[in-house]
Amino acid sequence: MIAIIDYKAGNLTSVARALQSIDESFVITDDIKKLDAATHIIFPGVGAAGEAMANLRRKELDSWLTGWIKTGKPLMGICLGTQIILDYSEENETKCIGLVRGKTKRFPDDLNIGCRKLKIPHMGWNNVSFNRDHPVFNDVPKEAEFYFVHSYYPAPEDDSLVLGVTDYGISFCSVLAANNLVAMQFHPEKSGRPGLQILRNFCRWRGNA
Amino acid sequence: MLSKRIIPCLDVRDGKLTKGIKFTGNVDIGDPVDAARAYYEQGADEIVFYDITASADGRDIMIDVVRRVAQRIFIPFSVGGGIRNVEDMRRVILAGAEKVSVNSTAVTDPKIITQGAKAFGSQCIVLGMDVKKVEMSGKIPSGYEIVITGGRKYTGIDALWWAKEAEKLGAGEICLNSIDADGTQNGYELNLTALISENVNIPVIASGGAGKPEHIAEVLTEGKADAALIASMVHYRTYTIAGIKKYLNEHQIKTRLYW
């Protein structure tokens, strides 16, 4: 069973509806017993890092995630869920979970392409250039685009964890992967057919990249 | 590189689809859920629903429409019309919409923008602006005035000032509709669109006047818009979204071509 971690960070139901559409059964829960029983964990999130971390700590879900990652079972981070698995986020100057060394940074305010100032948040459809193959991205064509909405981006210390990069004035890490963890800045549940394919692949993945 | 977005707009009344031309003479053209699914399959990047229902019963029907749409499309969509307070926003967002748009209510009660942004994040709050060209004056220095209640009531508010103010209040995006161009199919109001887009740091969706792909190309380049709202030109099947996107890409305007 897939479990979606419920920590009151944004609208988890969109991930749930996407899973329904591909006939995957799941639970949305903050109950550690139910989470322990899951085969796969999806860690979504919309909102701000400070409040998200406070909610996780209150329920001790931060330390639970640290334990889960050691089991070798699959974990997927989405958007804010990806940002706060690093050590630290510049958003609200927040100490985060630290499953991955590195920090989440804010886009610089003076991003330009040519003479055109880029708007923040980075919102809309953009490409991801993949550095290597990964089972969670099987059958996702390279011309596919994904839906982003964010002002911060993950910057892992170890470059080898960067699976995909996206260009928005700067080139930033939009997908990172380490062993049984795969985490993306975009929203697969809002990225049409390619996004649903990613979710479908994740549900079949055993966590060995 | 970020793609420019093509966004069909669906007007809904009492749970059924309509298409307004200059806000009068609406004609029913079908079921909003089926229409949303069809546009999703045809490559829409996002969908805007505008609920013109007046009654409370009708609004409950709309929440049901939102819920059913959310089960069938997996791209972002927004809902506007009849949003009076944060509770209305919450109902729409919990039913599955990514974004809510506020228009007249934000003019009469600007704190709804801040409250909405605080509750759901700025990315959820779209400011809808209906704008009419007027003579430049001390009160309306840009020569563009905000009108409300479906284009009938002049507010004495300068459109450029209001766009900047709404950004400060926490709006995450602006949907900018030219009342003069709306329904004409003669092209977007390019000056207005460029003026607003260059003076805010949030995305601007251009609305009103789209009649052919050239118009969309213009507003995404000269008009500096981040996205283009379309209605009649696809509702009546004169053009397809895929065809429009192909045209744009051939003219060096990047749009999402794989879906």
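Counting restarts for each chain: residues are numbered from 1 in the order of the written sequence. The order in which chains are written sets their letters, starting at A; the order in which ligands are written sets their numbers, starting at 1. Since the coordinates come from a predicted model, pLDDT governs what is reported: local features require at least 70, and pairs of side-chain atoms require 80 or more to be given and counted, while whole-chain, interface and lining totals use all residues.

## Observations concerning the overall build of chain A
Definition in use: Starting at the N terminus, helices and strands are each numbered in turn, a helix being any DSSP run of H or I of at least four residues and a strand any DSSP run of E of at least two. For a compact globule the rule gives 2.2 Å times the number of residues to the power 0.38, and the radius of gyration it is set against comes from C-alpha atoms. Exposure is read from a count of other C-beta atoms within 10 Å of each residue's own; the residue is exposed at 12 or fewer, buried at 20 or more and partly exposed in between. C-beta atoms are placed from the backbone. By the criterion used throughout, residues are in contact when their C-beta atoms, derived from the backbone, lie within 7 Å.
Secondary structure assignment for chain A yields six helices and 16 strands. Taking 2.2 N^0.38 as the reference for a compact globule, 209 residues should give roughly 17 Å; the C-alpha atoms of chain A span a radius of gyration of 16 Å, in line with that estimate. In terms of overall dimensions, chain A has a C-alpha envelope of 55 × 35 × 30 Å along the principal axes. Out of the 209 residues in chain A, the part that is buried amounts to 51%. Considering only intrachain contacts with a sequence separation of at least 6, the fraction spanning at least 24 residues in chain A is 70%.

## Quick look at the nonpolar core
Applicable threshold: By our criterion, buried Ala, Val, Leu, Ile, Met, Phe, Trp, Tyr and Cys residues that link up through C-beta atoms within 7 Å make up a nonpolar core.
Ranked by size, the top nonpolar core spans 147 residues in total, and within it Ile7, Ile47, Val100, Ile174, Leu176, Ile205 and Ala228 of chain B carry the most contacts. If near-sequence neighbours (up to four positions away) are discounted, Val100 of chain B is found in contact with Ser78, Val79, Gly80, Ile83, Met89, Val92, Ile93, Gly116, Cys124, Ile125 and Val126 of chain B.

## Quick look at the sheet that holds strand β14 (residues 162-168) of chain A
Residues and elements named next belong to chain A. This is how it is decided: Any two strands are treated as partners once DSSP identifies two or more bridges connecting them.
Pairing is mixed across the open sheet formed by eight strands, whose spatial order is β2-β1-β3-β4-β16-β15-β14-β11. Both edges of this open sheet fall to β2 (26-29) and β11 (129-130), since each of them pairs with a single strand only. Examined bridge by bridge, β14 and strand β15 (residues 170-178) share six bridges and lie antiparallel to one another. Each bridged residue has a counterpart across the sheet, and for Val162 the counterpart in β15 is Leu176.

## So, the pairing of β14 of chain A
Counting buried residues along β14 of chain A, five of its seven residues qualify, which places the element largely inside the surrounding structure. Here β14 of chain A folds back onto β15 of chain A, and the loop between the two strands holds one residue, one of which, Gly169 of chain A, carries a positive phi near 75°.

## Quick notes on the interface of chain B and chain A
As a reminder, the rule being used: When residues are sorted by character, Ala, Val, Leu, Ile, Met, Phe, Trp, Tyr, Cys and Pro go into the nonpolar class, Asp, Glu, Lys and Arg into the charged class, and all the rest, Gly among them, into the polar class.
Chain B puts 23 residues into the contact, and the matching count from chain A is 30 residues. Looking at the side of chain B that touches chain A, its residues break down into twelve nonpolar, six polar and five charged.

## Description of the packing of helix α1 (residues 32-41) of chain B against helix α2 (residues 56-72) of chain B
All names here are of chain B. Selection rule: All axes here are fitted lines through C-alpha atoms, helices being fitted over the stretch that makes contact, and every angle between N-to-C directions spans 0 to 180 degrees. Our angle categories are set so that under 35 degrees counts as roughly parallel, over 145 as roughly antiparallel, 65 to 115 as roughly perpendicular, and the remainder as oblique. By definition, turning the near helix anticlockwise from the far helix through less than a right angle yields a left-handed crossing, and turning it clockwise yields a right-handed one.
At a minimum axis distance of 9 Å, the contact between α1 and α2 shows a crossing angle of 25°. Taken as axis vectors, α1 and α2 run roughly parallel relative to one another. α1 and α2 meet at a crossing whose hand is right-handed. Of the residues in α2, those touching α1 at Pro32, Val33, Ala36 and Arg37 are Val65, Arg68, Val69 and Arg72. For the contact of α1 with α2, the class distribution of residues is five nonpolar, no polar and three charged.

## A few points about the sheet that holds strand β5 (residues 86-89) of chain A
Residues and elements named next belong to chain A. In space, the four strands of this open sheet follow the order β6-β5-β7-β13, with mixed pairing throughout. Of all strands in the sheet, those with a lone pairing partner are β6 (94-95) and β13 (152-156), marking the two edges. Direction of pairing for strand β7 (residues 100-106) relative to β13: antiparallel, over a ladder of five bridges. Paired with Thr104 across the bridge in β13 is Pro154.

## Considerations on the packing of helix α3 (residues 86-94) of chain B against helix α5 (residues 111-120) of chain B
All names here are of chain B. In contact at an axis separation of 10 Å, α3 and α5 are set at 40° when each is read in the N-to-C sense. Between α3 and α5, the crossing angle belongs to the class labelled oblique. Crossing geometry of α3 relative to α5 is assigned as right-handed. For the pair formed by α3 and α5, the contact residues are Val86, Met89 and Ile93 on the first element and Ile112, Gln115, Gly116, Ala119 and Phe120 on the second.

## Here we look at the confidence of the model for chain B
Interpretation of this model should avoid reading the predicted coordinates in detail wherever pLDDT is low. Residue and element names in this part refer to chain B. The condition that has to hold: Each residue gets a pLDDT score, which is the predictor's confidence in that residue and runs from 0 to 100.
Residues at a pLDDT of 70 or more form 95% of chain B, whose mean pLDDT is 91. Predicted confidence is poor over residues 20-28, with pLDDT under 50, and the contacts of this stretch with residues over four places away or in other chains come to 16 contacts. Across the assembled chains, the prediction reports ipTM 0.94 with pTM 0.94.

## Focus: helix α6 (residues 192-204) of chain A
Quick note on the threshold: The span expected for a helix works out to 1.5 Å for each residue beyond the first.
The end-to-end C-alpha distance of α6 of chain A, which contains 13 residues, comes to 19 Å, matching closely the 18 Å that a straight helix rising 1.5 Å per residue would cover. Here α6 of chain A has its buried residues at Gly192, Pro194, Gly195, Gln197, Ile198, Leu199, Arg200, Phe202 and Cys203 of chain A.

## Observations regarding helix α4 (residues 61-71) of chain A
Residue and element names in this part refer to chain A. The criterion, for reference: By definition, the arc is the one covered by directions from the helix axis to the C-beta atoms.
Within the sequence span of α4, burial applies to Leu61, Asp62, Leu65, Trp68 and Ile69. Burial along α4 is one-sided: seen end-on, the buried residues are contained in an arc of 110°. α4 presents Ser63, Gly67, Lys70 and Thr71 as exposed residues on the side facing more than 90 degrees away from its buried surface. Residues of α4 that are buried in the fold lie against β1 (2-5), β3 (40-43), α3 (49-58), β4 (75-78) and β16 (181-184). Gly72 sits one or two residues past α4 and shows a positive phi near 85°.

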